[in-house]
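Tertiary structure, described
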Amino acid sequence: MSEALVLFSGGQDSATCLAWALDRFDRVETVGFDYGQRHRAELDVRDAVRDGIADVLKAGDRLGIDHMLDLGLLGQISETSLTRETEIAMRDDGLPSTFVPGRNLIFLTFAAALAYRRGARHIVTGVCETDYSGYPDCRDDTIKAMQVALNLGMERRFVLETPLMWLTKAATWQMAEAIGGSALVELVRERTLSCYLGDTETRHDWGMGCGDCPACDLRRTGYSEYRSACS
Ligand code: ZN
């Protein structure tokens, strides 16, 4: 039996990764992290997104339990726009102020420790090098190095799966369509939240969000490219 653990935040990317995993593995569990995010709205949509995807893909008992890990320590030591009330802007070193140093490294380490206990070999994460904000911990080389480190340090053969690594945001929508048709696209569009400001009130044709932050910009552009490729 193949078992996978999906890093699942409730955003577009991790929702697509969950669908991708349910399409491939016999048993899939999810893990989310509470690290003192400024806006907890993304955490609040997780259950609805998870249930909706399981429903659309008729996953039945292939979708296992959800784990929520408290990583408040990361929020305590981070001074970033995702963990403090500061402006989202480009820093002098070319990285956005939303970069939380160490975040993905810590997420992957805890995910692997959990996967170790749960007997899951495949760890799925929605990191992406193509259409992203230049986060160094989302790079393919970083993930490959983490895979080596985790396997050496835990004496396992984990596979860190990154199905979105080389996709544009438009191609991520296409992947959702290929896996679950228009029902999955609609679910991802309606229920997932990618906005850095956690705006669940404002609705657009590409989903909910403030419409102004870099995450909303990416989502709007990707969705519009996807729609124009459809027509
Ligand atoms: Zn936004």
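Above this text sits the structure in question.
Described below are features of the structure shown in this document. Not measured: the values here are computed from a predicted model.

Quick look at the coordination of the zinc ion
In this structure, Cys195 (SG), Cys210 (SG), Cys213 (SG) and Cys216 (SG) serve as the protein donors to the zinc ion, at separations of 2.3 to 2.4 Å. Its 4 donor atoms give the zinc ion angles of 105 to 117 degrees at the centre, a pattern that matches the tetrahedral case. The sequence pattern describing where the donors of the zinc ion fall on their chain is C-x14-C-x2-C-x2-C. We note that cysteine 213, like cysteine 216, is buried.

Digging into the sheet that holds strand 5 (residues 159-161)
In space, the 5 strands of this open sheet follow the order 3-2-1-4-5, with parallel pairing throughout. Two strands lie at the open edges of the sheet, namely strand 3 (63-70) and strand 5, each paired on one side alone. The mean inter-strand angle of the sheet, taken between neighbouring strand axes irrespective of direction, is 25 degrees. Where strand 4 (residues 122-124) and strand 5 come together, 3 bridges link them in parallel fashion. Opposite isoleucine 123, over in strand 5, you have leucine 160 as the bridge partner. The strands touched by helix 4 (residues 103-118) within the sheet are strand 1 (3-7), strand 2 (27-34), strand 3, strand 4 and strand 5, with strand 1 carrying the most contacts at an inclination of about 155 degrees.

Structural notes on the state of the cysteines
Applying the stated criterion across every chain, the model contains 0 disulfides. This cysteine, cysteine 128, is not joined by any disulfide, and cysteine 138 carries the nearest cysteine sulfur, 7.9 Å off.

Considering unusual backbone geometry
For residues that are not glycine, phi is negative in most cases, and the peptide bond is trans in most cases. Notably, lysine 58 is not glycine yet its phi reads approximately 45 degrees, a positive angle. Along the chain, lysine 58 falls in the loop between helix 2 (41-56) and strand 3. Assessed through its relative accessible area of 68%, lysine 58 is described here as exposed. For glutamate 155, which is not glycine, the phi dihedral falls at a positive 55 degrees. Following the sequence through the fold, glutamate 155 ends up in the loop between helix 5 (140-154) and strand 5. Its relative accessible area of 66% is what places glutamate 155 among the exposed residues.

Quick notes on the rules
Here the residue numbering is sequential within each chain, running from 1 through the sequence in written order. Predicted model: local features are reported for residues with pLDDT of at least 70 only, side-chain atom pairs are reported and counted for 80 or more only, and whole-chain, interface and lining totals are derived from all residues. To obtain the side-chain values, all non-hydrogen atoms of the structure were used and water was disregarded. Donor atoms (N, O, S) are those found within 2.8 Å of the metal centre, with the cutoff raised to 3.2 Å for Na, K and Ca; water is not part of the atom list, so apparent gaps in a site can occur. Under this scheme a four-donor centre is tetrahedral when all angles range from 85 to 135 degrees, a four-donor centre is square planar and a six-donor centre octahedral when opposite donors are above 155 degrees with the rest from 65 to 115, and any other centre is irregular. Buried, partly exposed and exposed residues are distinguished by accessible area as a fraction of the type maximum, computed with a 1.4 Å probe on protein chains only: under 20%, between the cut-offs, and over 50%, respectively. Pairs of strands are assigned from DSSP output, requiring at least two bridges between the strands. Segments assigned H or I by DSSP are reported as helices when at least four residues long, segments assigned E as strands when at least two residues long, and all are numbered from the N terminus. To obtain each axis, a line is fitted to C-alpha atoms, and for helices this fit is confined to the stretch in contact; angles are then taken between N-to-C directions over 0 to 180 degrees. Any two residues having at least one pair of non-hydrogen atoms within 4.5 Å are treated as being in contact. Disulfide assignment relies on a single distance test, namely cysteine sulfur atoms paired within 2.5 Å.

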